[in-house]
Amino acid sequence: MALRRVLVSFALGIAVVVPAAFGLSQAPAHEPRCGTGSSLDWVLPGACQHVDEPPAGVDVTEPVSTTELRGRDGGGAEAYAAAEELGVPAATQAAAASPAVTCDGDGSSGYRVQGMYVVEAGRANRYAALQDSFRLWAAGVDDVVNRSAALTGGVRKVRFVTDAAGGTCTARVLNVTVPAGATSSFNATISAVQALGYSDPSRKYLMWTDATVLCGVASMYPNDTDGQGNPNNGSYAQYARVDSGCWGFGDGAAQHSVEAHEVLHTLGGVFSTAPHGTRAGHCWDESDTMCYADGGGFAMQQVCPAQREYLLDCNNDDYFSTYPDPGGWLDGHWNAADSRFLIGGGNGSGGGTPGAPTVLGASIAVNNPAVPGLATQASVTPVLPSGRTVASVLWRSARSDCAFSAPQATQTDVVCNASASGSTTVTATVTDSTGATKAVTSPLTFATGAARPITIALGAAGQRPADGGTAAVCTGAAFPLTATVLDTASGQPVKGLTAALTKQTAAMLAPASAGAPVTAATGVATQGQTATVATTYRGRVAATPRYAAAGPATLVAAPARCTTALTAALDETEVWYGDPVVATGRLTASAGGTAVVPSGVSLAVRLTTSAGKVLSLGVAKTDAEGRFALTTKPTASGTVSVVLAGGASYTEVGAGAGAITVREPATRVTGAVDKEAVAYGQSVVVSGTLRRDAGGATSALASRSVAITVTPTGGTAVKVGAATTKADGSFSATVALKASGTLAVSYAGTTGQPAASATVGTVTAATWSTALSASASATRVAPGGALTITGALSRTYAGASTPAPALRLKVTFRAAGSSTTTVVSSVTTTATGAFSAKVLPKASGTWTVTLSDTPGYAPAASSGLTVSVG
């Protein structure tokens, strides 16, 4: 916030002492308390004061000339400019600095802001000279409020006490003289104006105090209760004071309107309980007219654009919004935009509009209390800014045993286990088309009461015979034994109850356990079983605190070899190599004319090529309805079939799924080089892409090796490097170029993906020109003495010279009077191109160092070094 310090006093949690004639006995009571500031014994008992520094560069103790004050335009123009930059334009004439405010009614009745010029007796009275400026600054306060309201699509105006002015209205500013010393403190000023009768609860008094004591100060009650009965909404007279050093700011000099800041305090902003509230009545999410580092215990954070400095409530979530986020903090607490001191506030009459959402919001509803184990309804209502749509909804619960019938819908049922008690929470997270998210949470409470009666019924292999009846099953094959538990009163399924199952054959003397599955949200508990002889199953549910006992329910499983039938189909008849194909179908079975659901049965899926070769595509397994689906990637063309091998449980059966044609995709490789010519051994960067082309649909070929080659003119290709493709099919390699010719990139191919290559272009590995220098440690040595030859080799390309490292040099000798040159030794240059060789001269003659027969380097020789021996 540009305004670094504003003196702000808050009438905190008080019962205001005022004359009984104002009838405040019905005003809301609140607990006296002070926040970060010091407690003051004012005529507003229990009030708190928070003393801050003035804006940077402003000395409030220095008088300000009338001429300078007349040059200040207030907060209107910058409020309009800021709103326009934030997407809320206004007519040009509306944005111009003007003292006009909205006319409302007779200009005096109802809840209003009263402007006052306050000066001590005996001091110069500047009311006449500055009256027009006071009206302009009051209009600036109105502009800050109405432009802030426009950001959330609403309309709000400050309801001033007004005078008619040629078809418009201006704020009425009273000329009030108070006794000497009455401006020495906020307490004294309030006492003085109250003594003059300015203590009407239907007024908020905005006082331009002609003093040099402070910057700005205001009273506010720390009661965030929602509703028109909030104590900041006309229960008591409230006061805002601005001294001359801070009059009329907000004109673009990096300062907001101090008058607007103080009036907002009296309207009820900002509470310490707000999401971004400080403990001293401000906020910490910049930029915002009400936010600054006030010592209230929070570090400032730049959350909103700098333009918001001239407007109210960054993100519209702490103290002012014409459309607070449904379910958000401001939706359930006092909102200054609802003040009856604003046109459009209060009951919404007089030119106000309700606004429109600017951020994603949502409200949640849960049908409480829920009966444990039974479903209850939950819903979320998204609130979308204009132009947005709901992208997704996701429900979750704090209890892991709770399940949702439609976890991605705005309306769902939620059910938790029958053992649930107390309460938990459910949360809906809404995501809109811009990616914004909003999570809303509601309690889910659980009812108590007498144990509820339930019923239990058994089923097997998809059959639900009457109690004690028979269900056909396939001999030795797995089948699901189900226990369905329903609430008797509602007929709803019950979740989270344990079904104790037993089984008994004619050969068994007593029943044995068949498992203890727990009912799911459908009320069904499932346990896998097999039977080779007739078996009697029984199921019971034991009593719990919420449900009475039920059972036993009885079912007889009668096994027989099942007759089967099979259907199969493919979702595609032609695919590219490596692309998926889904084989689907259904297996049906019957025993003695009774349909049996064959769940969990393995089916072989095969492909037979035109050459008669049979390839396995995988194994599919039937689900609880006998259906199957297998995703496979065939590598050859042919006919697909699905087969069930016969056995004791099922008769053999097969079905053709259809013919499939597998096409081989093309391979597309591209390449580029960053430099076409470099000196021998210097690096070039070769890059490109490798992609699969399936009939025009391309995709990356990742983790594939690409070879980089150079083919000399009239020669064969030489591999100079390689690269591995990334996830997006791109590759890049740095190659030391030591051959000239045609540069190419190639992919060797693999099964189902053919080889491919691409010519990049002609590259040149140019020869280095060289220069060799040498010197001897002496020109004469004694017989048997040693000689050291040192020097350096440099190389040059394109006008740039560098040391020539790691090159082998020859040291030669030619005796005086001889024409024969002999290689005596060799030496390798260092990283700096230097060399040093030690020799043992045996005769006088000439020593020379040479570079020859080195690929990429021109020959070089040092000057001859004449050395005598003797």
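Residues numbered from 1 in each chain as written. Predicted model: local features only at pLDDT ≥ 70, side-chain atom pairs only at ≥ 80, totals over all residues. Heavy atoms only, no water.

Asks: Quick rundown of the overall build of the protein? Include the residues and the values.
Replies: Helix and strand counts for the protein come out as 6 helices and 60 strands. Taken against the 2.2 N^0.38 rule, which gives 29 Å for 870 residues, the C-alpha radius of gyration of the protein at 46 Å runs more than 25% over that of a compact globule. Viewed in the frame of its principal axes, the protein has a C-alpha envelope of about 125 × 115 × 55 Å. In the protein, which comprises 870 residues, the proportion classed as buried is 47%. Pairs at least 24 residues apart make up 66% of the contacts formed inside the protein by residues separated by at least 6 positions. In the protein, 54 positive and 55 negative side-chain charges are present, and the distance between their average locations comes to 17 Å. (Helix = DSSP H or I, 4+ residues; strand = E, 2+ residues; numbered from the N terminus. Rg over C-alpha atoms; globule rule 2.2 N^0.38 Å. Buried < 20%, exposed > 50% of the residue type's maximum accessible area, 1.4 Å probe, protein only. Contact = heavy atoms within 4.5 Å. Lys, Arg positive; Asp, Glu negative; His and termini not counted. Charge placed at Lys NZ, Arg CZ, Asp CG, Glu CD.)

Asks: Break down the packing of aromatic side chains for me, with residues and values.
Replies: Considering all chains together, one arrives at 18 aromatic pairs under this definition. Their ring planes at 50° and their centres at 6.1 Å tell us that Trp137 and Trp247 sit as a pair that is tilted. Residue Trp137 is located in helix H4 (residues 127-151), and its partner Trp247 is located in the loop between strand E13 (238-243) and helix H6 (258-267); the two are separated by 110 residues in the primary sequence. Grouping residues by exposure puts Trp137 and Trp247 together as buried. An angle of 70° between the planes, with centres 6.3 Å apart, marks the rings of Trp768 and Tyr797 as edge-to-face. (Phe/Tyr/Trp six-rings, centres within 6.5 Å; stacked < 30°, edge-to-face > 60°.)

Asks: An account of the packing of H4 against H6 is requested, with residue identities and associated values reported.
Replies: Where H4 meets H6, the axes come as close as 8 Å, and the angle between the chain directions of the two elements is 65°. Between H4 and H6 lies a crossing whose hand is right-handed. Mapping the contact onto sequence places Trp137, Val141, Val144 and Val145 in H4 and Glu259, Ala260, Val263 and Leu264 in H6. In terms of residue class, the contact of H4 with H6 is made up of 7 nonpolar, no polar and 1 charged. (Axes fitted to C-alpha atoms, helices over the stretch in contact; angles between N-to-C directions. Left-handed = near helix turned anticlockwise from the far one by under 90°. Nonpolar A, V, L, I, M, F, W, Y, C, P; charged D, E, K, R; others polar.)

Asks: Residue-level account of the state of the cysteines, with values.
Replies: According to the stated counting rule, one finds 6 disulfides in the structure shown. One disulfide in the model links Cys474 with Cys562; its S-S distance is 2.0 Å. Between Cys474 and Cys562 the sulfur-sulfur dihedral comes to about -105°; the bridge is accordingly left-handed. Taken together, the residues span a long stretch of sequence, with Cys474 in strand E26 (residues 470-474) and Cys562 in the loop between strand E32 (550-560) and strand E33 (563-570) at a distance of 88 residues. We classify Cys562 as buried; its relative accessible area is 0%. (Disulfide = S-S within 2.5 Å.)

Asks: Residues and numbers for unusual backbone geometry, please.
Replies: If a residue is not glycine, its phi is most likely negative; likewise, a peptide bond is most likely trans. Glu286 connects to Ser287 through a cis peptide bond whose omega is -5°. Inspection of the secondary structure assignment puts Ser287 in the loop between strand E14 (285-286) and strand E15 (301-302). Between Asn368 and the following residue, Pro369, the backbone shows a cis peptide bond with an omega angle of -5°. For Pro369, the location among the structural elements is in the loop between strand E18 (361-366) and strand E19 (376-383). Even without a glycine there, the phi angle at Ala806 is positive, about 55°. Relative to the elements of secondary structure, Ala806 occurs in the loop between strand E54 (800-803) and strand E55 (808-815).

Asks: Would you mind going over the pattern of salt bridges in detail, with residue names and values included?
Replies: Under the counting rule described, the total for this entry stands at 18 salt bridges. The residue Asp132 makes a salt bridge to Arg135 at a minimum N-O spacing of 3.7 Å. Within this pair, Asp132 and its partner Arg135 are both found in helix H4, separated by 3 residues, close to a single helical turn. With its nearest N and O atoms 2.7 Å apart, the salt bridge here joins Asp432 to Arg388. Of the two residues, Asp432 sits in strand E23 (residues 423-432) while Arg388 sits in the loop between E19 and strand E20 (390-397), which places them 44 residues apart along the sequence. Asp432 gets classed as buried once you look at its relative accessible area, which sits at 2%. Exposure remark for Arg388: the relative accessible area of 24% places this residue in the partly exposed category. Among the charged side chains, a network of salt bridges with common partners joins Asp104, Arg112 and Arg159. (Salt bridge = Lys/Arg side-chain N within 4 Å of Asp/Glu carboxyl O.)

Asks: Break down the sheet that holds E19 for me, with residues and values.
Replies: On the basis of which strands lie adjacent, the open sheet formed by 4 strands has the order E18-E19-E22-E21 and antiparallel pairing. Only two strands of the sheet have a single neighbouring strand rather than two, namely E18 and strand E21 (403-404). In this sheet, strand E22 (residues 411-415) lies alongside E21 in antiparallel orientation, the contact comprising 2 bridges. Across the sheet, Phe404 pairs through a bridge with Val414, a residue of E22. (Pairing = 2+ DSSP bridges.)

Asks: Would you mind going over the side chain of Ser397 in detail, with residue names and values included?
Replies: Relative to the helices and strands, Ser397 is located in strand E20. Relative accessible area serves as the criterion here: at 19%, Ser397 is assigned to the buried category. A polar side-chain atom of Ser397 sits 3.1 Å from the main-chain amide nitrogen of Arg399. Reaching out from Ser397, the side chain makes a polar contact with the backbone oxygen of Thr425 at a distance of 3.2 Å. (Polar contact = N/O pair within 3.5 Å; in protein donor to acceptor, adjacent residues only side chain to side chain.)

Asks: Tell me about H4, and name the residues and values.
Replies: When the terminal C-alpha atoms of H4 are compared, their 35 Å separation across 25 residues agrees well with the 36 Å that a helix rising 1.5 Å per residue should span. Largest kink in H4: about 25°, centred on Ser133. With 22 of its 25 residues buried, H4 lies for the most part within the structure. Gly153 sits one or two positions beyond H4 and adopts a positive phi of about 80°. (Expected span 1.5 Å × (residues − 1). Bend = angle between axes of the 7 residues up to and from the residue.)

Asks: Give me the lowdown on the nonpolar core, citing residues and values where you can.
Replies: General note: in soluble globular proteins, nonpolar side chains tend to be found buried as a group. Phe134, Phe160, Trp208, Trp247, Leu264, Tyr319 and Phe320 are the most contacted members of the largest nonpolar core, which has 62 residues in total. Sorting the residues of this core by element identifies helix H2 (76-85), strand E5 (112-120), H4, strand E9 (168-171), strand E11 (203-209), E13 and H6 as the ones contributing at least two each. When residues no more than four places from it in sequence are discounted, the contact partners of Phe320 are Val145, Ser148, Ala149, Arg156, Leu312, Asp313, Leu330, Asn335, Ala336, Ala337 and Leu342. Judged by nonpolar contacts, the second largest core, of 58 residues, contains Tyr547, Ala553, Ala568 and Phe628. (Core = buried A, V, L, I, M, F, W, Y, C linked by side-chain atoms within 4.5 Å.)

Asks: Explain H6 residue by residue, including any values.
Replies: For H6, the buried fraction is high: 10 of the 10 residues fall into the buried class. Residues of H6 that are buried: Val258, Glu259, Ala260, His261, Glu262, Val263, Leu264, His265, Thr266 and Leu267. At the N-terminal boundary of H6, the capping side chain belongs to Ser257, with an oxygen 3.5 Å from the backbone nitrogen of Glu259. Positive phi appears at Gly268, one or two residues downstream of H6, with a value of about 110°.

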